[in-house]
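One letter stands for each residue in the lines below.
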Amino acid sequence: MPAASRNSIGGGRGFGINDDVDILTEVLKRLDGRSVCVAACVCRQWSSIARKDSVWEELCFRHVSPGVRPVVVALGGYKRLYMVCVRPLLKRMTLARPDEVQLSLSLFCVHYYETLAGSGPPSSLMFLCNPVNV
Amino acid sequence: MVPYETAAAAPPIPIGNPPASSSSSSSTTIIPKPPEIDGLLAGAGYKVRSSDLRHVAQRLERLETAMLNSPSQQLSLLASDAVLYNPSDLSTWVDSLLSELNQSQSLPSLPSDLSDLMSNPTALDGSWMDQQLPPPTAAVHNQQPPQLTVVTAVEEDSGIRLVHMLMTCAEYVQRGELALAGSLIQDMQSLLTRVNTGCGIGKVAGYFIDALGRRVFAAGGGGGVPGGSAYENEILYHHFYEACPYLKFAHFTANQAILEAFDGHDCVHVVDFNLMHGLQWPALIQALALRPGGPPLLRLTGIGPPSPDGRDSLREIGLRLAELARSVNVRFAFRGVAAARLEDVKPWMLQVNPKEAVAVNSIMQLHKLLGPGSSGDPARPAPIDAVLGWIRSLNPKIMTVVEQESNHNQPAFLDRFTESLYYYSTMFDSLDACALQPEKALAEMYIQREICNVVSCEGSARLERHEPLANWRERLTRAGFRPLHLGSNAFKQASMLLTLFSAEGYCVEENEGCLTLGWHSRPLIAASAWHAVAETAAGAVSDVPVVGGVVL
């Protein structure tokens, strides 16, 4: 709670992390996926910030051209992209290269297309859920 | 390929050339033997393939052990009941003797050949026996009680027996001896009950036995394939798409080639020979949306079977694709062409605009045109030539062809059968690694339908006439196409895609500009790209252009 944190820092006019939403967003953007989800459990404010797509955009493609954004947004947003596609892929590739990014977008697009069908849950990405056989 | 001639006592050996004339005369030395048959044994009148020698030696050892360990009065019964069709085929009769020993406890009859063999072991040339005998398995088994020895041996080898019996049955079918084939099918079905049909050779053998049964027992010859409605086929196809990477590989590779070919064009038109659910196209639409310079106007013409119940399924798919294209801001137009067979499609139905760049996409469709065609009129061109002709007249910028990498279109039934047995065994192996249910079971049904079509259909009903890449190269070159090398981007993408699949046996290989996806170094599906060239006066084209790489 903002009041509590202000008091805890040093009484009176301290700066609380929850005062500035933009700073908080910038901080959360630099976390990994699991930490963002943990952060979302802290309080209502943190939860609403953690749900912002811009946080997930950073998570997905840290160094990719902004032209990708409208497409990702149209296909369901970065958070969905992360949950459905990027997170399973990160187990097997770093997603730092543009062609890896492109592949993940293509897979995401097929997934979105399946949701358009409306006939049951989309399943084209289920093969990603299997652990890698070593 | 020389058609298999009906020979009087020809043993069931699946090789191309007919074997030497008589099985046990001593004058066979002059006639050159096919390389697979062991020359030394052939001199003694036995036909055994060299690759089988170790197996036969093992089985003979076990047979000897079993016989030595059985009560002496039962041995005398060996002479009475068993009927052995072909004593010169060592491997089959040893197998059948061993199984009879196991089954009934009353020993089958011992033909005079065998008694000679047992009493005179030098009839088998000692040299090959010394070289070929594997010591461990026989030694281990001899320590166990004799009846148990035979049981475990048979259980292990039932799979191998099944394969032998399948080959024999196919050979009977080819020779037209359907009664023999039928009884062998019944034997195989009873053997199947003792084999694990949940995986491995048992499962594949089960499907092939079923397909042979349909061929042999069908009333009216060559049919009884589990024909599904187009709707059922789509569902099975979808699960095949999800359970294994073959279709994904096909789609992604073709898309990459099409994307690169469309570079710089503002009006593009894709013709899909088999739309299904249109799963290939979202990725292309998205890639076009993100290409530098912005997306072109994309037209898609999807060909598919007409829907029986009045639903326009092609149009529904088109609407869905259009919605996707709209959300990513790609100008899109769709047209559906309903045709029961590809040869019924005429180029005017596609409404190709001369100013647009055309891509023709055929995922496992061209082989269906290799049949005789339904008109039966020899004056008309073969369906494949007619279709390739009009494709060429469209002057496509690229034609992507993905086909199964195997020869299931040889004239002789036995050759087709053998090749498809190996091909589909490999494919089922790869599918075993998939853990998704019910995707895996439905994917297997999809493959089962292919097997049934290859094995039990003929004439215009046999659509699955797969041919290997080399044949397609030759055929497409003759039809006036030149290859486009697929390039390293497609290879990288295919390799990346494979790392996502949990099974570790898949491999992507590059084959003279084409990509193949296989399981443990056996290629199963091959993707290639082509374009039509205008013929020069000399009719020769020297350059093979490489499709340029566009990385987003």
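In this text, all values refer to a predicted model and were calculated from it rather than measured experimentally. Counting from 1, residues in each chain are numbered in the order their sequence is written. Here every chain gets a letter starting at A, and every ligand a number starting at 1, in the order they are written. Local features are withheld for residues below a pLDDT of 70 in this predicted model, meaning they are given only at 70 or higher, and side-chain atom pairs are given and counted only at 80 or more; totals for whole chains, interfaces and linings count all residues. Side-chain calculation: all heavy atoms of the structure are included, whereas hydrogens and water are not.

Novice: Explain the overall build of chain B to me, using residue names and the numbers behind them.
Specialist: The way it works is that DSSP assigns letters per residue, a run of H or I at least four long becomes a helix, a run of E at least two long becomes a strand, and they are numbered from the N terminus. Scanning chain B from N- to C-terminus turns up 19 helices and nine strands. Note on classification: 1.4 Å probe, protein chains only; a residue is buried when its accessible area is under 20% of the maximum for its type, exposed when over 50%, partly exposed between these limits. By residue count, 55% of the 552 residues in chain B fall in the buried class. Should any heavy atoms of two residues lie within 4.5 Å, those residues are counted as being in contact. The contacts in chain B between residues at least 6 apart in sequence include a share of 75% that link residues at least 24 apart. Computed with the Shrake-Rupley method and a 1.4 Å probe, the accessible areas treat only the protein chains shown as cover for residues. Summed over its atoms, the accessible surface of chain B is roughly 23000 Å², and 54% of this surface lies on carbon and sulfur atoms.

Novice: Describe the domain arrangement of chain A, with residues and values.
Specialist: All names here are of chain A. Boundaries between domains were set according to an automatic or database domain assignment. The assigned domain composition of chain A is domain 1 (16–51) and domain 2 (53–134). Taken together, the contacts link 12 residues of domain 1 with 10 residues of domain 2. In short, buried area is how much 1.4 Å probe accessible area vanishes from two parts on joining, totalled over both. The junction of domain 1 with domain 2 conceals about 760 Å² of combined surface from both sides, 64% of it contributed by carbon and sulfur atoms. Looking at the side of domain 1 facing domain 2, the largest losses of area belong to K29, G33 and R51, adding up to 55% of the total buried there. A 3.5 Å cut-off defines polar contacts: any pair of N or O atoms within that distance qualifies, except that in protein one atom must be a possible hydrogen donor and the other a possible acceptor, and neighbouring residues in sequence count only when both atoms are side-chain atoms. Viewed at the interface, domain 2 and domain 1 are joined by two residue pairs in polar contact (both at pLDDT 80 or more). Polar here means any residue other than Ala, Val, Leu, Ile, Met, Phe, Trp, Tyr, Cys and Pro, which are nonpolar, and Asp, Glu, Lys and Arg, which are charged; Gly is therefore polar. Across the side of domain 1 that touches domain 2, the residue classes break down as six nonpolar, two polar and four charged.

Novice: If you had to explain the pattern of salt bridges to someone new, which residues and values would you point to?
Specialist: By convention in these notes, a salt bridge is any Lys or Arg side-chain nitrogen within 4 Å of a carboxyl oxygen on Asp or Glu. Inspection of the entire model under this criterion finds 18 salt bridges over all chains. A salt bridge links K29(A) to E26(A); the shortest N-O distance between them is 3.3 Å. Of this pair, K29(A) and E26(A) both sit in helix α2 (residues 21–29), three residues apart, which is roughly one turn of that helix. Given the relative accessible area of 16%, K29(A) is considered buried. A salt bridge links E458(B) to R462(B); the shortest N-O distance between them is 3.5 Å. Residue E458(B) is classed as partly exposed on the basis of its relative accessible area, which comes to 31%. With relative accessibility at 5%, the residue R462(B) sits in the buried group. Among the charged side chains, a network of salt bridges with common partners joins R215(B), R416(B), E458(B) and R462(B).

Novice: Outline the side chain of E439(B), listing residues and values.
Specialist: Structurally, E439(B) is set in helix α17 (residues 439–456). Counted as positive: Lys and Arg. Counted as negative: Asp and Glu, with His and the chain ends omitted from the count. The buried charged residue E439(B) lacks any salt bridge partner; its closest oppositely charged side chain belongs to K248(B), at an N-O distance of 9.4 Å. Filtering out sequence-adjacent residues up to four positions away, E439(B) remains in contact with S123(A), M126(A), H239(B), E242(B) and A243(B).

Novice: Give me the pairing of strand β9 (residues 522–532) of chain B: which residues, what numbers.
Specialist: Residue and element names in this part refer to chain B. Along β9, nine of the 11 residues are buried, which leaves the element largely enclosed by surrounding structure. A pair of strands is labelled paired if DSSP reports no fewer than 2 bridges between them. Sheet analysis places strand β5 (residues 398–404) next to β9, joined by six bridges and oriented antiparallel. Bridging from a neighbouring strand, E403 pairs with A526 of β9. Note that strand β6 (residues 481–484) and β9 share four bridges and pair antiparallel. Each bridged residue has a counterpart across the sheet, and for P483 the counterpart in β9 is W530.

Novice: Describe the interface of chain A and chain B, listing the residues and the values that go with them.
Specialist: Contacts between chain A and chain B engage 33 residues on the former and 34 residues on the latter. Counting the surface lost from both chain A and chain B, the interface buries some 3000 Å², and carbon and sulfur atoms represent 70% of this. Seen at the junction of chain A and chain B, the total is one salt bridge. Here D99(A) and K492(B) are joined by a salt bridge, their closest N and O atoms 3.9 Å apart. Our count for the contact surface shared by chain A and chain B stands at three residue pairs in polar contact (both at pLDDT 80 or more). Going through the elements one at a time, α6 (68–75) and α8 (98–117) of chain A are the ones with two or more residues in the side of chain A that touches chain B. Residue contributions to the side of chain A that touches chain B peak at 15 residues, all from α8(A).

Novice: Which residues make up the packing of aromatic side chains, and what values go with them?
Specialist: Residue and element names in this part refer to chain B. Side-chain rings of Phe, Tyr and Trp (the six-membered ring for Trp) are treated as a pair once their centres are within 6.5 Å; stacked means planes under 30 degrees apart, edge-to-face means over 60, and tilted covers the remaining angles. Scanning the model with the defined rule gives 12 aromatic pairs over all chains in all. Ring centres 6.5 Å apart and planes at 55° place the aromatic pair F208 and Y424 in the tilted group. Of this pair, F208 sits in helix α10 (residues 200–217) while Y424 sits in helix α16 (residues 413–432), and the two are 216 residues apart along the sequence. Judged on exposure class, the residue F208 and its partner Y424 are both buried. For the ring pair F240 and Y446, a centre distance of 4.6 Å and an interplane angle of 25° mean the geometry is stacked. Of the two residues, F240 is situated in helix α11 (residues 230–243) and Y446 in helix α17; the sequence distance between them amounts to 206 residues. Judged on exposure class, the residue F240 and its partner Y446 are both buried.

Novice: Give me the lowdown on the environment of M399(B), citing residues and values where you can.
Specialist: All names here are of chain B. Mapped onto the elements of the fold, M399 is located in strand β5. Judged by its relative accessible area of 0%, M399 falls in the buried class. M399 sits 301 residues away from L98 along the chain, and the two C-alpha atoms are 55 Å apart. Not counting chain neighbours up to four residues away, the residues in contact with M399 comprise V360, L388, I391, L476, F481, S528, A529 and W530.

Novice: Describe α8(A), and please don't skip the residues or the numbers.
Specialist: At 3.6 residues per turn, the α-helix brings residues three or four places apart onto the same side. All names here are of chain A. One fewer than the residue count of a helix, multiplied by 1.5 Å, yields its expected span. Counted at 1.5 Å a residue, the expected span for α8 with its 20 residues is 28 Å, and the 29 Å between its end C-alpha atoms agrees. Burial within α8 is extensive, with 17 of its 20 residues counted as buried. In the segment just after α8, G118 is the residue with positive phi, at about 70°.

Novice: Pulling in residues and values, what's your account of unusual backbone geometry?
Specialist: Residues and elements named next belong to chain B. A positive phi angle, near 50°, is found at H520, a position not held by glycine. With respect to the helices and strands, H520 occurs in the loop between β8 (514–519) and β9. A relative accessible area of 54% means that H520 is categorised as exposed. Even without being glycine, S521 reaches a positive phi, approximately 65°. Counting through the fold element by element, S521 comes out in the loop between β8 and β9.

Novice: Tell me about the state of the cysteines, and name the residues and values.
Specialist: All names here are of chain A. Cysteine sulfur pairs qualify as disulfides if the two atoms are within 2.5 Å. This model, assessed by the stated rule, comprises zero disulfides over all chains. No disulfide involves C41; its nearest neighbouring cysteine sulfur is the one of C37, lying 7.6 Å away. Overall, C41 belongs to the exposed group, its relative accessible area being 66%.

Novice: Give me the lowdown on a nonpolar patch on the surface, citing residues and values where you can.
Specialist: Nonpolar side chains collect at one region of the surface, where F15(A), I17(A), I23(A) and V27(A) lie side by side and expose about 320 Å² of accessible area between them. With respect to the helices and strands, V27(A) occurs in helix α2. Patches were defined on residues exceeding 30% relative accessible area and lacking a salt bridge, with like-charge contacts within 9 Å and nonpolar side-chain contacts (Val, Leu, Ile, Met, Phe, Trp, Tyr) within 5 Å.

Novice: An account of the packing of α8(A) against helix α13 (residues 281–289) of chain B is requested, with residue identities and associated values reported.
Specialist: Every angle, taken between N-to-C directions, lies between 0 and 180 degrees, and every axis is a line fitted to C-alpha atoms, over only the stretch in contact when it is a helix. Two elements in contact, α8(A) and α13(B), have axes separated by 8 Å at closest approach and are oriented at 125°. Judged by the inter-axis angle, α8(A) sits oblique to α13(B). Of the two elements, α8(A) crosses α13(B), and the hand of that crossing is right-handed. Note on element contacts: α13(B) touches α8(A) through P282(B), A283(B), Q286(B) and A287(B), opposite Q102(A), L105(A), S106(A), C109(A), V110(A) and Y113(A). Across the contact of α8(A) with α13(B), the residue classes break down as seven nonpolar, three polar and no charged. For this classification, under 35 degrees means roughly parallel, over 145 means roughly antiparallel, 65 to 115 means roughly perpendicular, and everything else is oblique. Crossings are sorted by hand: turned counterclockwise from the far helix by less than a right angle, the near helix makes the crossing left-handed, and turned clockwise it makes it right-handed.

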